[in-house]
Amino acid sequence: MYGIVLLGAPGAGKGTQAVLLSKRLNIPHISSGDLFRENLRNQTPLGELARQYMERGELVPDEVTIAMVRERLSRPDCANGFILDGFPRTIAQADALEVLLKELGKSITLVPWIRVRERMLMERLSHRWTCRDCGAVFSYESLPPREGCKKEVCTGELYRREDDNPEVQAKRIQVYNEQTAPLIDYYRARGLLVEINGEHTIEYVHRLLLQLVLNAHTIHSPASSAV
Ligand code: AMP
């Protein structure tokens, strides 16, 4: 079982790395931000509630977010593991996740913290384009194809996320520093944290991350602990 929680500020590359890791390990990528955006698109009551917080760069209340992630983690495709991206974002969410995973007979095996300096985060968020159909992110390294998305068979339209505008960007980074950064010590104290320099290329960070995840998996797997 892989239980991966990706930590890092907005723009650190969690989503990009989660997509690559998810394909490589064949386990689902669960992004709380994507789940909220899906609800927004489908105009569900949850999406309407989340909208006001997302537009301001603030966090959606914990109870709502926890309930949404609980439902997602309970689905059968999480049987062999999961990659959480953007959740937990507060200590209360992390505590709730611990309880929830225990209930589901799952656990966290590694918390990679993707570290990027603030100036570079702002730079990246200002150059980020997202595909409306498949959610692929085109960034500083892969400039947006003018004709639209080019991921596999997708041809979706590319757009700039509204919460990537400069004022909301600054607010999101402030919220990260105040409410999410304390999770670094939270998971370090539990012996789960590994730090990765996220300023390398996408491919290099992916290789580092994969190696760390596979090493942690070997250490935690029942076969190795029985030796
Ligand atoms: P993201 O795509 O992870 O940058 O998230 C976009 C927005 O969705 C955030 O700025 C929050 O408003 C909301 N959001 C995503 N994940 C969470 C979470 N774990 N807790 C509260 N709000 C969240």
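Structural data are supplied above this passage.
As the structure is a prediction and not an experimental result, all values here were calculated from the model. (Residues numbered from 1 in each chain as written. Predicted model: local features only at pLDDT ≥ 70, side-chain atom pairs only at ≥ 80, totals over all residues. Heavy atoms only, no water.)

Chemist: Describe the packing of helix 6 (residues 118-126) against helix 7 (residues 166-180), with residues and values.
Modeler: At a minimum axis separation of 11 Å, helix 6 and helix 7 run at an interaxial angle of 140°. By the criterion of interaxial angle, the relationship of helix 6 to helix 7 is oblique. The crossing of helix 6 and helix 7 is right-handed. Of the residues in helix 7, those touching helix 6 at Glu-118, Leu-121, Met-122, Leu-125 and Ser-126 are Gln-169, Ala-170, Arg-172, Ile-173 and Asn-177. Here the residues of the contact of helix 6 with helix 7 sort into five nonpolar, three polar and two charged. (Axes fitted to C-alpha atoms, helices over the stretch in contact; angles between N-to-C directions. Helix = DSSP H or I, 4+ residues; strand = E, 2+ residues; numbered from the N terminus. Parallel < 35°, antiparallel > 145°, perpendicular 65-115°, else oblique. Left-handed = near helix turned anticlockwise from the far one by under 90°. Contact = heavy atoms within 4.5 Å. Nonpolar A, V, L, I, M, F, W, Y, C, P; charged D, E, K, R; others polar.)

Chemist: Give me helix 5 (residues 91-104): which residues, what numbers.
Modeler: Residues spaced three or four apart along an α-helix point in a common direction, a consequence of the helix completing one turn every 3.6 residues. If you check helix 5, its first and last C-alpha atoms are 20 Å apart, about what 14 residues at 1.5 Å a residue would give, namely 20 Å. Buried within helix 5 are the following residues: Gln-93, Ala-94, Ala-96, Leu-97, Leu-100 and Leu-101. An end-on view of helix 5 places all buried positions within 160° of arc, on one side of the element. Opposite the buried face of helix 5, by more than 90 degrees, sit the exposed residues Lys-102 and Glu-103. (Expected span 1.5 Å × (residues − 1). Buried < 20%, exposed > 50% of the residue type's maximum accessible area, 1.4 Å probe, protein only. Arc of directions from axis to C-beta.)

Chemist: Lay out the sheet that holds strand 7 (residues 158-159) with the relevant residues and their values.
Modeler: Taken together, the three strands give an open sheet; going across it, the order is 6-5-7, and neighbouring strands pair in antiparallel fashion. Only two strands of the sheet have a single partner each, and these edge strands are strand 6 (137-138) and strand 7. (Pairing = 2+ DSSP bridges.)

Chemist: Could you give an account of the packing of helix 7 against helix 8 (residues 182-189), with specific residues and numbers?
Modeler: Direction vectors running N to C along helix 7 and helix 8 enclose 35°, while the axes themselves pass 5 Å from each other. Across the interface between the two elements, Tyr-176, Asn-177, Glu-178, Gln-179 and Thr-180 from helix 7 touch Pro-182, Leu-183 and Ile-184 from helix 8. Considered class by class, the residues forming the contact of helix 7 with helix 8 number four nonpolar, three polar and one charged.

Chemist: Could you give me a rundown of the pattern of salt bridges, with the residues and numbers involved?
Modeler: Considering all chains together, one arrives at 16 salt bridges under this definition. A salt bridge links Arg-37 to Asp-34, with the shortest nitrogen-to-oxygen separation between them at 2.8 Å. Of the two residues, Arg-37 and Asp-34 are both situated in helix 2 (residues 32-41); the distance of three residues between them amounts to about one turn of the helix. Under the relative-accessibility criterion, Arg-37 is labelled buried at 16%. A salt bridge links Arg-161 to Asp-163; the nearest nitrogen and oxygen atoms lie 3.0 Å apart. The same class applies to Arg-161 as to Asp-163, namely buried. (Salt bridge = Lys/Arg side-chain N within 4 Å of Asp/Glu carboxyl O.)

None of this, on its own, says anything about what the molecule does.
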